[in-house]
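# What the coordinates show
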Amino acid sequence: MALRLPAAIRPLRPLTLAKPSAQQARWLATPVFPVTQNAGRGPTAMVFLNMGGPSTTDEVGDFLSRLFSDGDLIPLGRLQGYIGPLLSKRRTPKIQKQYAAIGGGSPIRKWSEHQCAEMCKILDKISPETAPHKPYVAFRYANPLTEDMYRQMLADGFGNGRGGRAVAFTQYPQYSCSTTGSSLNELWKWRQRLEGKAGPLDDGKGDGTIKWSVIDRWPAHPGLVEAFAQNIEAKLMEYPEETRDKVVLLFSAHSLPMTVVNRGDPYPAEVAATVHAVMQRLNNVNPWRLCWQSQVGPQPWLGPQTSSSVENFIAKGQKDLLLIPIAFTSDHIETLYELDEEVIGESGHADTVKRVESLNGSPVFIQALADLAKSHLGSGVACSTQMGLRCPGCKSERCAESKKFFASQRV
Ligand SMILES: C=CC1=C(C)c2cc3[nH]c(cc4nc(cc5[nH]c(cc1n2)c(C)c5CCC(=O)O)C(CCC(=O)O)=C4C)c(C)c3C=C
Ligand code: FES
Ligand SMILES: [Fe+2]
């Protein structure tokens, strides 16, 4: 006797699909949204972190006011709210003149948006399993601010119980608690406010649903080193062949107050790591020194200063000097004004003291960003081991909490 199965578990007749019409076939062949195309783990938000800069001279006041209010950069304790605005107000006219002299504003927004968008296009090809990659820029002191970026991500469908993966990708190759550390503390703050248990967008299901991971430092990444080396080689070609190998390479990085260095900040060692890797790639042909620029205020800063190093070398008879900005990936007042206008302009030897181009739109650099991001996305790692360790002299609760959060993410 044939066994009669209940309707619910009776095997279904195999489905035979009708052949699609020509119009349906065209529609099926058209990529709608890459998420459905590759059935991978995307979309992935790629968030570039940086300090930002004022796009116009009118934005300088707000930029400096946010910068001087940042206790991770300029710790003024309980007086931060009073002294910060006073210092920024006093400094605004001077800095406005500098931005006016470099074309009326900082090019950092233009470069960051370009670099991030181009990197995402490459990532869609080389990392289809995490595609589509959506570019975001989050600045610490200028538009687009971290808060605006986070709200945009939520509006775009990340979080709000829907999850999604986001990578915070610092655009400072070398880690300092005053730069990348500050940006991560800010990101963590807005994550708590917007997505955390008490946040207005909390869905009651848990403590935020976006999975964050961090590319927190990349001082000796081969692609970064290659991009720097190619720009240096291009500039060296402008010197006559007989003197080219004797040009002194002066790597220049933004300085740090000695209080920050002595707290145990990783930045000086990481800048040195970049310089060594670049010199190795250049076969150590030219003599070189690392010096530090852009000191602000009366307290002691890490030296030697870039400007006095140039003066002293010239006084010793060394005129062929090549300045290499090594701790920032696009142009800013420190390159366009301080180095070009002040250091080189006032050296009296603008014909032989030159500056290497910033990385800006370098395709080698953008490819390096994509390679770095691809390795990170496939690594299953939330952040570097170094990120979990606080500076020996750190007393900041913000650092403790934000590091704990990022290091505990499971991706
Ligand atoms: C790797 C880069 C930078 C480090 C490290 C850094 C540390 C640091 N900076 C200040 C104070 C100021 N920095 C200012 C501007 C500024 N800083 C950097 C980079 C680093 N800073 C850049 C690229 C810029 C210019 C931005 C642009 O042009 O787009 C300013 C404002 C300008 C001024 O008033 O001179 C201040 C102030 C401290 C105290 C610090 C370490 C603790
Ligand atoms: S200051 Fe470096 S970890 Fe807090
Ligand atoms: Fe600075």
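Our structure's up above, just so we're on the same page.
Residues numbered from 1 in each chain as written. Chains lettered and ligands numbered in written order. Predicted model: local features only at pLDDT ≥ 70, side-chain atom pairs only at ≥ 80, totals over all residues. Heavy atoms only, no water.

### Examining the overall build of the chain
- For the chain, the count of helices and strands is 15 helices and eight strands.
- Split into buried and exposed, the 411 residues of the chain put 49% on the buried side.
- Taking as baseline every contact in the chain between residues at least 6 positions apart, the subset at least 24 positions apart corresponds to 78%.
- Within the structure as shown, the chain displays about 20500 Å² of accessible surface, and the carbon and sulfur contribution to it stands at 56%. (Helix = DSSP H or I, 4+ residues; strand = E, 2+ residues; numbered from the N terminus. Buried < 20%, exposed > 50% of the residue type's maximum accessible area, 1.4 Å probe, protein only. Contact = heavy atoms within 4.5 Å. Areas by Shrake-Rupley, 256 points an atom, 1.4 Å probe, with all protein chains shown as cover.)

### So, the site of ligand 1
- Lining the immediate environment of ligand 1, one finds 24 residues, of which Arg-91, Tyr-99, His-254, Ile-333 and Glu-334 sit closest.
- The separation between an oxygen atom of ligand 1 and a polar side-chain atom of Arg-91 is 2.3 Å.
- Here ligand 1, which alone exposes 790 Å², has 96% of that area covered by the protein.
- Put simply, the parts of the chain that give the shell around ligand 1 at least two residues each are helix H3 (60-68), helix H4 (80-101) and helix H13 (333-344).
- Class assignment for the residues of the shell around ligand 1 results in 16 nonpolar, six polar and two charged. (Near = heavy atom within 4 Å. Polar contact = N/O pair within 3.5 Å; in protein donor to acceptor, adjacent residues only side chain to side chain. Nonpolar A, V, L, I, M, F, W, Y, C, P; charged D, E, K, R; others polar.)

### Observations concerning the packing of helix H8 (residues 222-236) against helix H11 (residues 267-281)
- Axis separation between H8 and H11 bottoms out at 9 Å; the angle between their running directions is 60 degrees. Between H8 and H11, the angle is such that the two are oblique. For the element pair H8 and H11, the recorded crossing hand is right-handed. Where H8 approaches H11, its residues Leu-224, Val-225, Glu-226, Phe-228, Ala-229, Gln-230, Ile-232 and Glu-233 are matched on the opposing element by Thr-274, Ala-277, Val-278 and Arg-281.
- For the contact of H8 with H11, a count of residues per class yields seven nonpolar, two polar and three charged. (Axes fitted to C-alpha atoms, helices over the stretch in contact; angles between N-to-C directions. Parallel < 35°, antiparallel > 145°, perpendicular 65-115°, else oblique. Left-handed = near helix turned anticlockwise from the far one by under 90°.)

### Quick word on the environment of Gly-348
- Here Gly-348 lies in the loop between H13 and strand E8 (353-355).
- Assessed through its relative accessible area of 63%, Gly-348 is described here as exposed.
- Sequence-wise, Gly-348 and Ser-112 are 236 residues apart; in three dimensions their C-alpha atoms are separated by 34 Å.

### Topic: H3
- Among all positions of H3, only Val-60, Phe-63, Leu-64, Leu-67 and Phe-68 are buried. All buried residues of H3 fall inside an arc of 120 degrees around its axis, so they share one side.
- Residues of H3 that are buried make contact with H4. (Arc of directions from axis to C-beta.)

### What to know about the sheet that holds strand E4 (residues 211-215)
- Strand order across the open sheet formed by four strands is E2-E1-E3-E4, with parallel pairing between neighbours. Unpaired on one side and paired on the other, strand E2 (133-139) and E4 mark the two borders of the sheet. Here the strands of the sheet are splayed against their neighbours by 25 degrees on average, with no regard to which way each runs.
- Of the pairings in the sheet, the one linking strand E1 (residues 44-50) to strand E3 (residues 165-170) comprises six bridges and is parallel in character. Each residue of the ladder has a partner; that of Thr-44, found in E3, is Arg-165. (Pairing = 2+ DSSP bridges.)

### Observations regarding the pairing of E4
- Extensive coverage of E4 is indicated by the burial of four of its five residues.
- Note that E3 and E4 share five bridges and pair parallel. From the neighbouring strand, Phe-169 faces E4, where its bridge partner is Ile-215.

### Observations concerning helix H6 (residues 146-155)
- Among the residues of H6, those classed as buried are Thr-146, Met-149, Tyr-150, Met-153 and Leu-154. The buried residues of H6 all sit within an arc of 135 degrees when viewed along its axis, so they share a single face.
- Following H6 by one or two positions, Gly-157 has its phi on the positive side, about 110 degrees.

### Some remarks on the packing of aromatic side chains
- The full count for this structure, using the stated rule, is 10 aromatic pairs.
- With 5.7 Å between their ring centres and 50 degrees between their planes, Tyr-150 and Trp-212 make a pair best called tilted. In this pair, Tyr-150 is assigned in helix H6 and Trp-212 in strand E4, connecting sequence segments 62 residues apart. Grouping residues by exposure puts Tyr-150 and Trp-212 together as buried.
- Considering the side-chain rings of Tyr-267 and Trp-292, the 6.0 Å spacing of their centres and the 55 degrees angle between planes classify their relative orientation as tilted. Of the two residues, Tyr-267 sits in helix H11 while Trp-292 sits in strand E6 (residues 288-293), which places them 25 residues apart along the sequence. (Phe/Tyr/Trp six-rings, centres within 6.5 Å; stacked < 30°, edge-to-face > 60°.)

### Considering the packing of H6 against helix H7 (residues 180-195)
- The geometry of H6 relative to H7 is characterised by a closest axis approach of 9 Å and an angle of 45 degrees between their N-to-C directions. Between H6 and H7, the angle is such that the two are oblique. Like other packed secondary-structure pairs, H6 and H7 cross with a definite hand, here right-handed. Here H6 contributes Thr-146, Glu-147, Met-149, Tyr-150, Arg-151 and Leu-154 to the contact with H7, which in turn contributes Glu-186, Leu-187, Trp-190, Arg-191, Leu-194 and Glu-195.
- In the contact of H6 with H7, the residues fall into six nonpolar, one polar and five charged.

### Observations regarding the pattern of salt bridges
- Following the criterion strictly, the structure yields 18 salt bridges and no others.
- A salt bridge links Glu-270 to Arg-217; the shortest N-O distance between them is 2.8 Å. Residue Glu-270 is found in helix H11, and its partner Arg-217 is found in the loop between E4 and H8; the two are separated by 53 residues along the sequence.
- You can call Arg-217 buried: its relative accessible area is 15%.
- A single salt-bridge network, built from bridges that share partners, covers Asp-70, Arg-140, Glu-186 and Lys-189. (Salt bridge = Lys/Arg side-chain N within 4 Å of Asp/Glu carboxyl O.)

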